[in-house]
Amino acid sequence: MQRIPLTGATGLIGGAVLHHALDRDDATEWVCLVRCGSVEQGRQRVAARLSRFTDPFTAQRLARKVEIVPGDFTRADLDMDPRLDGVTHILHLAADTSWWGDERVYRTNHDGTLALARRARAMPGLERFLHVGTAMICGADAPHIVEEDAYPHPDAKHLVAYTVSKAATETSLAESFPDLPIVVARPSIVVGHSTLGAAPSSSILWVVRAADRLRMLPCDPDSAVDIVPADWVAATLYGLLLKPELKHRLYHVSGGAAGSTRWGDLIRAFEAADPSDGDRAFTRFDLADRAALRTRFAEVFGLDGSLKQVMLRATRAYFAFCALDLTFANDRLLDEGFAQSPSLPMYLATCLASSGEILDQFADDLEMFATPAPIVCQPLTVSA
Ligand SMILES: NC(=O)c1ccc[n+]([C@@H]2O[C@H](COP(=O)([O-])OP(=O)(O)OC[C@H]3O[C@@H](n4cnc5c(N)ncnc54)[C@H](OP(=O)(O)O)[C@@H]3O)[C@@H](O)[C@H]2O)c1
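What you see is a predicted model; the values in this text were computed from it and never measured.

With an omega of 5 degrees, the peptide bond between Tyr151 and Pro152 qualifies as cis. The backbone of Ile204 shows a phi angle near 70 degrees, a positive value even though the residue is not glycine. Here Ile204 lies in the loop between β8 (189-190) and α6 (205-214). At Asp325, a residue that is not glycine, the phi angle is positive and equals roughly 55 degrees. The class of Asp325 is buried, set by a relative accessible area of 18%.

Structure below.
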């Protein structure tokens, strides 16, 4: 019998993994560590996330299959709840994914993960602790093909505080917890769902759509961006969590050479999905030329209101990532027998068919670009 605490069940990837797992209807016990005031409130938060993948009735039914432990993973080492003792695996997805939150992001992602690792030492039956990092810890100076073992690297040139915190977490886990059965999975860039499109989340999809509307790229159309869908990431993480033997302790969960997306292919996919606009002519611009992007953005979206101002800033930040031309090697994953991911051009039409306005999709992602407000921590004492 497997018993698995999951952090981040109310987030995009956590919801996708939970849906994938519960849909299989096996005997695994899932224990979701959720920030909430009561078990029922936590269950409703999980059900709300699951309902992005299925109808509301099924979501409620599936949410009834999990145990809810209200709490904050960053204080897990203080939580002696016995329900966290007899576990076999941990899937740690929770993170503060805001890009510019510096101190709070570091406290949550680095310090919080170490707190969970300390708690894991008191789990005698633990077989695997799957920590989910991010492939973007390679920073801005990485080679075009990024290999797992090259990072974290102390000289990596990070573009945002979020990746600093994720890199430091991996370093500290390796240094301080060699006794734990930790495996690190690093997804690349998660966009949409291969069959549900934008319905579960439009996170980052708005950037790709904005690039299309702006008809501007900060890079050559031949350059690559490593994008994978949430459902494939979920199935792969589930496999990495439960596969009895793994050859490595570190995996990219990425498109790799065969599955990453060339911008040129993405442009063709937009043309195929929306032929009314004919062939799309893109201009290449220099990211250092701030006025070029601003002027074009104002023409296409307008710059009235703070939401559009923040969207311009976020677009510029994402374009900096897009221009890096990175592909994250996935040979290890394929060698373990995992399926190759679909590339975004293969499911772009599905994403567009289920999309609303770009600005609304950006508004859904707004939390990533806001300076975080202080967290109000819930008490760790648990009522069953
Ligand atoms: N999405 C991507 O493109 C991508 C790419 C590479 C790696 N990753 C990694 O994948 C993981 C999941 O990403 P995601 O996109 O699913 O993130 P997300 O949608 O932003 O969800 C974050 C999750 O973490 C939870 N959380 C944050 N702080 C917490 C705390 N102190 N205690 C308990 N729960 C807390 C959130 O709970 P609340 O609902 O209570 O806020 C939410 O469930 C992260 O580790 C991220 O770094 C994501």
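Attention now moves to the packing of aromatic side chains. Per the stated rule, a full pass over the model turns up 12 aromatic pairs. Here Phe285 and Phe319 contribute two aromatic rings whose centre-to-centre distance is 5.8 Å and whose plane-to-plane angle is 50 degrees, an arrangement assigned as tilted. Taken together, the residues Phe285 in the loop between β14 (283-284) and α10 (290-300) and Phe319 in helix α11 (residues 306-322) connect sequence positions 34 residues apart. A residue is classified by how much of its surface remains accessible, and Phe319, at 0% relative accessible area, is buried. Judged by centre distance (5.8 Å) and plane angle (70 degrees), the rings of Tyr318 and Phe369 are edge-to-face. A residue pair is termed long-range when its members are at least 10 positions apart, and Tyr318 in helix α11 and Phe369 in the segment after α14 (358-364) qualify at 51 residues.

Glancing now at the site of the ligand. As a matter of local geometry, the ligand sits amid 24 residues, with Thr10, Arg45, Asp72, Tyr162 and Lys166 nearest to it. One nitrogen or oxygen atom from the main chain of Ile13 is found 2.8 Å from an oxygen atom belonging to the ligand. Contact with the protein chains hides 87% of the accessible area of the ligand, taken as 900 Å² for the molecule alone. Taken together, the elements giving at least two residues each to the shell around the ligand come down to α1 (12-23) and α5 (161-176). Looking at the shell around the ligand residue by residue, the class counts come to 11 nonpolar, nine polar and four charged.

Another point: the packing of helix α4 (residues 102-120) against α5. Two elements in contact, α4 and α5, have axes separated by 9 Å at closest approach and are oriented at 20 degrees. With respect to α5, the axis of α4 lies roughly parallel. α5 is crossed by α4, and the crossing has right-handed handedness. Residue-level contacts link Asp102, Val105, Tyr106, Asn109, His110, Thr113, Leu114 and Ala117 of α4 to Ala161, Tyr162, Ser165, Lys166, Ala168, Thr169, Ser172 and Leu173 of α5.

What follows concerns the sheet that holds strand β5 (residues 128-132). Judged by pairing direction, the sheet is parallel, and its seven strands sit side by side in the order β3-β2-β1-β4-β5-β7-β12 without closing on themselves. A single partner strand is all that each edge strand has here, and the edge strands are β3 (67-70) and β12 (250-253). This sheet shows a mean twist of 20 degrees between the axes of neighbouring strands, independent of strand direction. Both β5 and strand β7 (residues 182-187) contribute to a ladder of four bridges, which runs parallel. Counted as the bridge partner of His131 is Val184 from β7. Set on the sheet, α1 makes contact with β1 (3-7), β2 (29-34) and β4 (89-92); between it and β2 the angle comes to about 160 degrees. Against the sheet, helix α7 (residues 230-242) engages β1, β2, β4, β5, β7 and β12, with an angle of about 150 degrees to β5.

On to the pairing of β2. Within β2, five of the six residues are buried, which leaves it mostly tucked inside the rest of the structure. Taken together, β1, α1 and β2 form a β-α-β motif whose crossover is right-handed. Across four bridges, β2 lies against β3 in parallel orientation. Paired with Leu33 across the two strands is Val69, which belongs to β3.

Let us look at the nonpolar core. Residues Trp99 and Trp206 are the most contacted members of the largest nonpolar core, which totals 58 residues. Secondary structure elements with two or more residues in this core: α5, α6, β9 (216-217), α9 (263-273), α10, α11, α13 (344-353) and α14. The biggest single contributor to this core is α11, with eight residues. Non-local contacts of Trp99, meaning those with residues more than four positions away in its chain, are made with Val160, Ala161, Tyr162, Ala317, Tyr318, Phe321, Met368 and Phe369. Within the second largest apolar cluster, 46 residues are counted, among which are Cys32, Ile68, Trp232 and Ala234.

Calculation criteria
- Residues numbered from 1 in each chain as written.
- Predicted model: local features only at pLDDT ≥ 70, side-chain atom pairs only at ≥ 80, totals over all residues.
- Heavy atoms only, no water.
- Helix = DSSP H or I, 4+ residues; strand = E, 2+ residues; numbered from the N terminus.
- Buried < 20%, exposed > 50% of the residue type's maximum accessible area, 1.4 Å probe, protein only.
- Phe/Tyr/Trp six-rings, centres within 6.5 Å; stacked < 30°, edge-to-face > 60°.
- Near = heavy atom within 4 Å.
- Polar contact = N/O pair within 3.5 Å; in protein donor to acceptor, adjacent residues only side chain to side chain.
- Areas by Shrake-Rupley, 256 points an atom, 1.4 Å probe, with all protein chains shown as cover.
- Nonpolar A, V, L, I, M, F, W, Y, C, P; charged D, E, K, R; others polar.
- Axes fitted to C-alpha atoms, helices over the stretch in contact; angles between N-to-C directions.
- Parallel < 35°, antiparallel > 145°, perpendicular 65-115°, else oblique.
- Left-handed = near helix turned anticlockwise from the far one by under 90°.
- Contact = heavy atoms within 4.5 Å.
- Pairing = 2+ DSSP bridges.
- Right-handed = clockwise from strand over helix to strand, strands pointing away.
- Core = buried A, V, L, I, M, F, W, Y, C linked by side-chain atoms within 4.5 Å.

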